[in-house]
Structure formats: structure tokens, C-alpha cells
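Residue-level structure breakdown
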Amino acid sequence: MSGRHPGYRRSSARCACFRATFTPSGAAAVLTTAAHLQARTVAATVRFSNSEGKPHTPDTAPVTRFHLHDGSDTDLVALTVPRFVASTPGEFLLPTEALRPDPVIHQPDLARVHAFVGAHPHLAEVVAQQLPIPVSYASAAFWAIHAFIWVDVAGVRRPVRYRWEPEAGRSELTAAEAATRTAHYLTDELHQRLEHAPVAFELRIQLAEPDDATHDPSTVWPDHRKEITAGRLEITAPADEQDPWNTQAFNPTRVTSGIQLSDDPVLAFRAHAYAESHLRRSRNQ
Ligand code: HEM
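Scoring rules and cut-offs
Residues numbered from 1 in each chain as written. Predicted model: local features only at pLDDT ≥ 70, side-chain atom pairs only at ≥ 80, totals over all residues. Heavy atoms only, no water. Donors = N, O, S within 2.8 Å, 3.2 Å for Na, K, Ca; no water. Helix = DSSP H or I, 4+ residues; strand = E, 2+ residues; numbered from the N terminus. Core = buried A, V, L, I, M, F, W, Y, C linked by side-chain atoms within 4.5 Å. Buried < 20%, exposed > 50% of the residue type's maximum accessible area, 1.4 Å probe, protein only. Contact = heavy atoms within 4.5 Å. Pairing = 2+ DSSP bridges. Domains from an automatic or database assignment. Buried area = accessible area lost by both parts, 1.4 Å probe. Salt bridge = Lys/Arg side-chain N within 4 Å of Asp/Glu carboxyl O. Polar contact = N/O pair within 3.5 Å; in protein donor to acceptor, adjacent residues only side chain to side chain. Nonpolar A, V, L, I, M, F, W, Y, C, P; charged D, E, K, R; others polar. Phe/Tyr/Trp six-rings, centres within 6.5 Å; stacked < 30°, edge-to-face > 60°. Lys NZ or Arg CZ within 6 Å of the ring centre and 35° of its normal.

The next point concerns the coordination of the iron atom of the ligand. Counting protein donors around the iron atom of the ligand gives one, Y274 (OH), at 1.9 Å. Position of Y274 among the secondary structure elements: in helix α7 (residues 265-282).

Quick look at the structure:
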């Protein structure tokens, strides 16, 4: 869909990386033994990127790498929407095809979209979800989408979902306003904003009830599920060097002790897809 761009990621190709710190609130410490969610502040790196494999389209997604005190890392990869467009890896190609812009009208062909939804009614809501156009990276919420399993000191397992909530509050552009912005307006705006003050997000955790499904990233749990704030991410400045971060492989399955993968097949599949993408771009393919 994005064409071939040797040396770049197959998805989320364009990026800007920033230095940050993450300070846990302590509220998560009774639910998981994960080191960055206990008491001490850890350093973090945040990579904001666009969501496709074209290196020059606008930016929308962040990945946060927490640098733990034992020298290891753990990643949290997120998007500006709460649901993924497929329930399984096999299903992923179907909406991608259905939503592909028609070469003449540059919009998805509505007849094809309707036919797709008719054949896959459980994906109707995700196909219809509007991508928000944030005023700023600092005013967007970001969801990690999949369920993860937290494990406490007694070995008790609890499914959770992650969301970054901007301290500045959420604000969006209309399509008409967005049409006046450059492709890189979010990155440019964040650089300008950081010259005056840090940008902060709260890490909000939604806790599952016993019957909440953990295997389907195209669904969400009810809004009224209990939430806790696990900590505060403060982005302070651009990373000293961009290129080394760009050649890194971030991966949502890089979890740390106290966090496990759920039974979501899309999450399991991403481990392989990201490794393969990294291998190929390392070879400049
Ligand atoms: C079957 C499902 C998926 C496939 C096959 C897939 C594939 C990929 C690939 C190949 C990359 C480039 C990796 C690299 O070269 O390092 C990537 C990056 C990315 N994907 Fe996915 N993805 C999937 C699902 C998702 C979901 C559910 C999310 C939502 C959180 C997501 C968010 C991202 C983000 C934010 C990046 C950029 C990561 C970075 O900055 O390094 N993807 N994806």
C-alpha cells in the first residue's frame, strides 16, 4: 500500500525521537512487579512516527522505550485510536484492501467498503472509526490497544490496557484546518513547544473485569471499567542523535518481568513482523 522505501520501516517510517523521564505514581506497584512501575523515575525515549510505510506522510503514533535501571528496556507502542482494524493477523489484509484509496477519487471506494462491512459485520465499528487529527502531539491520547497481563508479587495475573492521556487535554483539528498544515506540523510544533516547557502524559491503566475478552484488538472494554494512573511521562527535549534511534527496532512484545503478553494473536504476530521489518531495513531492502 505504501510502496517500497528501502532502509525504512515497513510501517511508521518517518519519525522524530525525544528524551523523556517516566515517574511511577506507585498505584501500579501492588498489581505488577514491573520495575518501571514501582517507585523510581526511569529514563525513557519517545519515538513519534507516521502510521504507514511512506517516509514523508504526516505523523501520528508514538512508541515509548523505558530504560530500566538494570540496563534492560521495555517498549510501549501506541496509536491515536483505541481499536485495531482486525481481530486476527489473517484478517488484517482485508480492511487494508477495502480502505485502499481509489486511484481516481483518492478516497476509499464506498461500494467496496460497504461490501467489506457486509461480509465482516464485527469490524463495522472499527472501519467507521474516525482518525483524530491532533492539534499537537501534546494534545492527543494514544492507546496501546492490546490487552497485556500484569503479574503481582504473589503471581496473581490481571489483564490491563494502556492509554497515554495528555496533561494538556485533548484537542483536534477539523479536516479543513488540517488541510492548511504541513506534513510535519506535529513534529515542528513539538520542537517549538519544548523550547518553552516539557510535555507530559499520564499512563492510564484500564483494569479488566473477569469476563472481559483479552484476545481481540478490534474490541474495547467498557469505558466505566476501573482505571488507575500508573505514572507520568515527561518529554523534555529532542534526542541528542536521531539516526541511531531510527535504526533501532521497537517492539510491543518487548515486555519486562511482571508483564506478560495476553492471548491476542495480533500481538503475538507483531513479534515476528517487526523483527522481519528490522532485518530487511538493516539490509537496506
Ligand atoms: C498484524 C498487525 C500488525 C502488523 C503486521 C504490523 C506491522 C508493523 C511493522 C512491520 C512495523 C515496522 C517495524 C520496524 O521496522 O521496526 C510496524 C511499526 C509500528 N506499528 Fe505495527 N503492525 C501491526 C499492528 C499494529 C498495532 C495493533 C498497532 C497499535 C499500537 C501498531 C502500531 C505501530 C507503531 C506505532 C509502529 C512504529 C514503531 C516504531 O516506532 O518503531 N501496529 N508495524
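As a further point, take the nonpolar core. Counting residues in hydrophobic clusters, the biggest one holds 43 residues, and the most contacted among them are W150, Y162, W164 and I235. Among the elements of the structure, β1 (15-24), β2 (42-50), β6 (148-151), β7 (157-166), α5 (185-194), β8 (199-207) and β9 (227-238) are those that each provide at least two residues to this core. Here the element with the most residues in this core is β8; it accounts for five residues. Here Y162 is in contact with L76, F142, W143, A144, F148, W150, L203, R204, I205 and I259, once residues within four sequence places are set aside.

Of the two faces of β6, the one lined by F148 and W150 and the one lined by I149 and V151 are each fully buried. Two elements, β6 and β7, share four bridges in a ladder whose sense is antiparallel. When the sheet's bridge partners are listed, W150 is paired in β7 with R158. Taken together, β6 and the strand that follows it, β7, pair antiparallel across an intervening segment of five residues, in which G155 is found at a positive phi of about 85°.

This part covers the domain arrangement of the protein. Size of an interface: often given as the accessible area lost when the parts come together. Annotation of the protein at the domain level lists domain 1 (15-83 + 132-282) and domain 2 (88-128). Using C-alpha coordinates to define each centre, domain 1 is positioned 26 Å away from domain 2. At the interface, five residues of domain 1 touch five residues of domain 2. Summed over both partners, the interface of domain 1 with domain 2 buries about 470 Å², with 75% contributed by carbon and sulfur atoms. Run the count over domain 1 and domain 2 and you get one salt bridge. R83 serves as the salt-bridge partner of E125, at 3.1 Å between the closest nitrogen and oxygen. Linking domain 1 with domain 2 are one residue pair in polar contact (both at pLDDT 80 or more). In terms of residue class, the side of domain 1 that touches domain 2 is built from three nonpolar, one polar and one charged.

Inspection of every chain in the model, using the stated rule, returns 14 salt bridges. Across the pair R232 and E167 runs a salt bridge, and its minimum N-O distance is 2.5 Å. Of the two residues, R232 is situated in strand β9 and E167 in the loop between β7 and α4 (175-178); the sequence distance between them amounts to 65 residues. Judged by its relative accessible area of 33%, R232 is partly exposed. Given a relative accessible area of 44%, E167 falls into the partly exposed group. For E189, the salt bridge identified is with R193, shortest N-O distance 3.0 Å. Residue E189 and its partner R193 are both found in helix α5; the two are separated by four residues, about one turn of the helix.

It is worth spelling out the environment of V160 at this point. By the secondary structure assignment, V160 is in strand β7. When the C-alpha atoms of V160 and E227 are compared, they prove to be 9.3 Å apart, with 67 residues separating the residues in sequence. Apart from the residues within four sequence positions on either side, V160 is in contact with H146, A147, F148, W150, I205, Q206, L207 and W221.

Attention now moves to the side chain of Q206. Along the chain, Q206 falls in strand β8. Among the polar contacts made by the side chain of Q206, one reaches the main-chain carbonyl oxygen of P222 at a distance of 2.9 Å. When neighbours within four sequence positions are excluded, Q206 is seen to be in contact with P159, V160, R161, W221, P222, D223, R225, K226 and E227.

Let us look at unusual backbone geometry. Despite not being glycine, I145 has its phi angle at roughly 70°, a positive value. Looking at the secondary structure, you find I145 in the loop between β5 (142-143) and β6.

A few words on the pairing of β9. Pairing analysis gives seven bridges linking β1 to β9, with the strands arranged antiparallel. Bridge pairing in β9 links R19 to A237.

Both the distance between ring centres and the angle between the ring planes are used here to describe each pair of aromatic rings. Taken as a whole and judged by the stated rule, the model has 11 aromatic pairs. The interplanar angle of 55° and the centroid separation of 6.1 Å between the aromatic rings of F48 and F142 together place this pair among those described as tilted. On the criterion of sequence distance, the pair formed by F48 in strand β2 and F142 in strand β5 is long-range, its members being 94 residues apart. Neither F48 nor F142 differs from the other in exposure class; each is buried. An aromatic cluster is built from F18, F48, Y137, F142 and F201, whose rings are joined through pairwise contacts. Sitting over the ring of W221, R161 keeps its end group 4.5 Å from the ring centre. Above the ring of Y185, the side-chain terminus of R181 is found at 6.0 Å from the ring centroid.

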